[in-house]
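# Secondary and tertiary structure notes
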Amino acid sequence: MSVYLITGASRGLGFGFLKQASSNKENLVIGLVRNKVETEKKVASELNDNGNVHIVQGDLDSYASLKQAAVDVTKIVGDRGVDYLIANGGYLPTFDAFDPIGAYSDKVEELEDVLTKLNQTNITGNIHLFNLFLPLVLKGKVKKVITISSGHGDLDFINNLEVENSALYAAYKAALNVVVAKYSAQYKKDGVLFVSISPGVVDVGHFDQVTPEQMQGLMGFMGKMAAYAPDFKGPVPVDEAVKTNMALWEKVSIEDGYAGAFVSHFGNKQWL
């Protein structure tokens, strides 16, 4: 039996992780979400009721909310602690998803707003998350903190393929990778594995409402992906990505050199 705590568990990969982990009745699975009521309705309608899923309100943009969530989760898990803390939640802007960074020169206010949100949610929010929930992780048997990152944050990937889009998102994923490595440097001696993992390209509906102009930028990026990984067939379904990623969670360890690492869903630097 393992205890999972998953942020951003209301949809996409987060809900997929919640679904897969809770399919084992022996696991205790906690989803940390902004909208508790709506997520509980979704769990009731879409998951088999094994009685092992708990939804807790927690907002990465609010320290007070996360602090209360830590209290609520402690009541649920008791002395068992948390085996897997999955830092999946985050802010994903569409602002920079299709254009090169130089295209934002006349969008000053929007640029600054996106940067502020990225910093608050993806960096500050996750630092608070780690600090508040580490006492529970230290009580767990497995002691793994898995941060969902992105290959966009890899410098070699950017430079070798001249990837122009998603500059702001990439920068903050790279910053979060550094944060994860710093936590690893501190807590490795306590047996806690901190690792950043890019989940691959997953079909979670991010591109369902793109404009023709945005589609043009997206197709240029996808062309570079095809050159990088000729066998790449496009985004994979959530269920497939979940199984691949969770299998890697089981495999990675401090002993095998993954402490503080930034790797793909393959466990290496092949992002697609």
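Residues numbered from 1 in each chain as written. Predicted model: local features only at pLDDT ≥ 70, side-chain atom pairs only at ≥ 80, totals over all residues. Heavy atoms only, no water.

### Here's the deal with the overall build of the protein chain
For clarity, the cut-off: Helix and strand definitions here come from DSSP, where helices need a minimum of 4 consecutive H or I residues and strands a minimum of 2 consecutive E residues; each element is numbered from the N-terminal end. Here the globule rule reads 2.2 Å times residues to the power 0.38, and the radius of gyration is calculated from C-alpha atoms. Whether a residue is buried, partly exposed or exposed follows from its accessible area with a 1.4 Å probe, protein chains only, as a fraction of its type maximum: under 20%, in between, or over 50%, in that order. Contact definition: two residues touch when any of their heavy atoms are within 4.5 Å. Under the convention used here, a 1.4 Å probe and the Shrake-Rupley method define accessible areas, while residue burial counts only the protein chains that appear.
A tally of helices and strands in the protein chain yields eight helices and seven strands. Here the protein chain has a C-alpha radius of gyration of 18 Å; the compact-globule value for 272 residues is 19 Å, and the two agree. C-alpha extents for the protein chain along the principal axes are approximately 50 × 40 × 35 Å. The buried share among the 272 residues of the protein chain stands at 49%. Sequence-distant contacts in the protein chain: of pairs separated by 6 or more residues, those separated by 24 or more amount to 78%. Accessible surface computed for the protein chain: about 13,200 Å², of which carbon and sulfur atoms make up 51%.

### As for the pairing of strand S6 (residues 193-198)
Formally: Strand pairing requires that DSSP identify at least two bridges connecting the strands.
The buried count for S6 comes to six of six residues, which makes it a mostly enclosed element. Burial of S6 is two-sided: the residues Leu193, Val195 and Ile197 facing one way and the residues Phe194, Ser196 and Ser198 facing the other way are all buried. Looking at chain direction, S6 and strand S7 (residues 262-264) are connected through three bridges and run parallel. Bridge pairing in S7 places Ser198 opposite Ser264.

### Concerning the sheet that holds S6
By definition, the strands of a sheet pair up through backbone hydrogen bonds, in either a parallel or an antiparallel sense. Here is the rule we go by: Axis angles are defined between N-to-C directions and span 0 to 180 degrees, where every axis is a line fitted to C-alpha atoms and, for a helix, only to the segment in contact.
Pairing in this open sheet of seven strands is parallel, and the strands run S3-S2-S1-S4-S5-S6-S7 from one edge to the other. Every interior strand has two partners, whereas the edge strands, strand S3 (53-57) and S7, have only one. Within the sheet, the average angular offset between the axes of one strand and its neighbour, ignoring direction, is 20°. Strand direction decides the pairing type here: strand S1 (residues 3-7) and strand S2 (residues 28-33), joined by five bridges, are parallel. When the sheet's bridge partners are listed, Thr7 is paired in S2 with Leu32. Across the sheet, helix H2 (residues 36-46) touches S2 and S3, and the angle it forms with S3 is around 165°.

### Comments concerning the side chain of Thr39
Basically, it comes down to this: Polar contact criterion, stated in full: a pair of N or O atoms within 3.5 Å, where within protein one must be able to donate a hydrogen and the other to accept it, and residues adjacent in sequence count only if both atoms are side-chain atoms.
Along the chain, Thr39 falls in helix H2. A relative accessible area of 3% places Thr39 in the buried class. A distance of 2.7 Å separates the side chain of Thr39 from the backbone oxygen of Asn35, its partner in a polar contact. For Thr39, the contacting residues outside a window of four places in its chain are Ala9, Ser10, Val33 and Ile55.

### A few points about the nonpolar core
Just so we agree on the cut-off: Put simply, a nonpolar core is a bunch of buried Ala, Val, Leu, Ile, Met, Phe, Trp, Tyr and Cys residues held in one set by side-chain atoms that sit within 4.5 Å of each other.
Residues Val73, Leu85, Leu129, Phe130, Phe133 and Phe194 are the most contacted members of the largest nonpolar core, which totals 37 residues. Among the secondary structure elements, those contributing two or more residues to this core are S1, S2, helix H3 (63-77), strand S4 (84-87), helix H4 (108-139) and helix H6 (167-187). Considering every element that reaches this core, the biggest residue donor is H4, with 10 residues. In this structure, Leu85 is in contact with Leu5, Leu129, Phe130, Phe133, Val137, Lys144, Val145 and Ile146, ignoring residues within four places of it in sequence. In terms of nonpolar packing, the next biggest core, distinct from the first, is built from 32 residues, Leu13, Leu18, Val29 and Tyr258 among them.

### Concerning the pairing of S2
Note the cut-off: Handedness rule for crossovers: strands pointing away from the viewer, path from the first strand over the helix to the second running clockwise, crossover right-handed.
Burial analysis of S2 places six of its six residues in the buried class, which makes it a mostly covered element. The two faces of S2 match: Leu28, Ile30 and Leu32 on one face and Val29, Gly31 and Val33 on the other face are all buried. For the crossover that starts at S1, traverses helix H1 (residues 12-22) and ends in the parallel S2, the hand is right-handed. Direction of pairing for S2 relative to S3: parallel, over a ladder of five bridges. By the bridge assignment for S3, Val29 is matched with Val53. After leaving S2, the chain enters H2 and then returns to the sheet as S3, a path that is right-handed.

### Let's talk about the packing of H3 against H4
Formally: What sets the label is the angle itself: under 35 degrees gives roughly parallel, over 145 gives roughly antiparallel, 65 to 115 gives roughly perpendicular, and the rest give oblique. In this scheme the crossing of two helices becomes right-handed for a clockwise turn of the near helix relative to the far one and left-handed for an anticlockwise turn of less than a right angle. Residues are grouped as follows: Ala, Val, Leu, Ile, Met, Phe, Trp, Tyr, Cys and Pro are nonpolar; Asp, Glu, Lys and Arg are charged; all remaining types, including Gly, are polar.
The N-to-C vectors of H3 and H4 enclose an angle of 25°; their axes lie 10 Å apart at closest approach. Between H3 and H4, the angle is such that the two are roughly parallel. The two elements H3 and H4 cross, and the hand of that crossing is right-handed. Facing H3, whose interface residues are Tyr63, Leu66, Lys67, Ala69, Ala70, Val73, Thr74 and Val77, H4 presents Gly125, His128, Leu129, Leu132, Phe133 and Leu136. Here the contact of H3 with H4 is built from residues that sort into 10 nonpolar, three polar and one charged.

In short, shape yes, function no, at least from these values alone.
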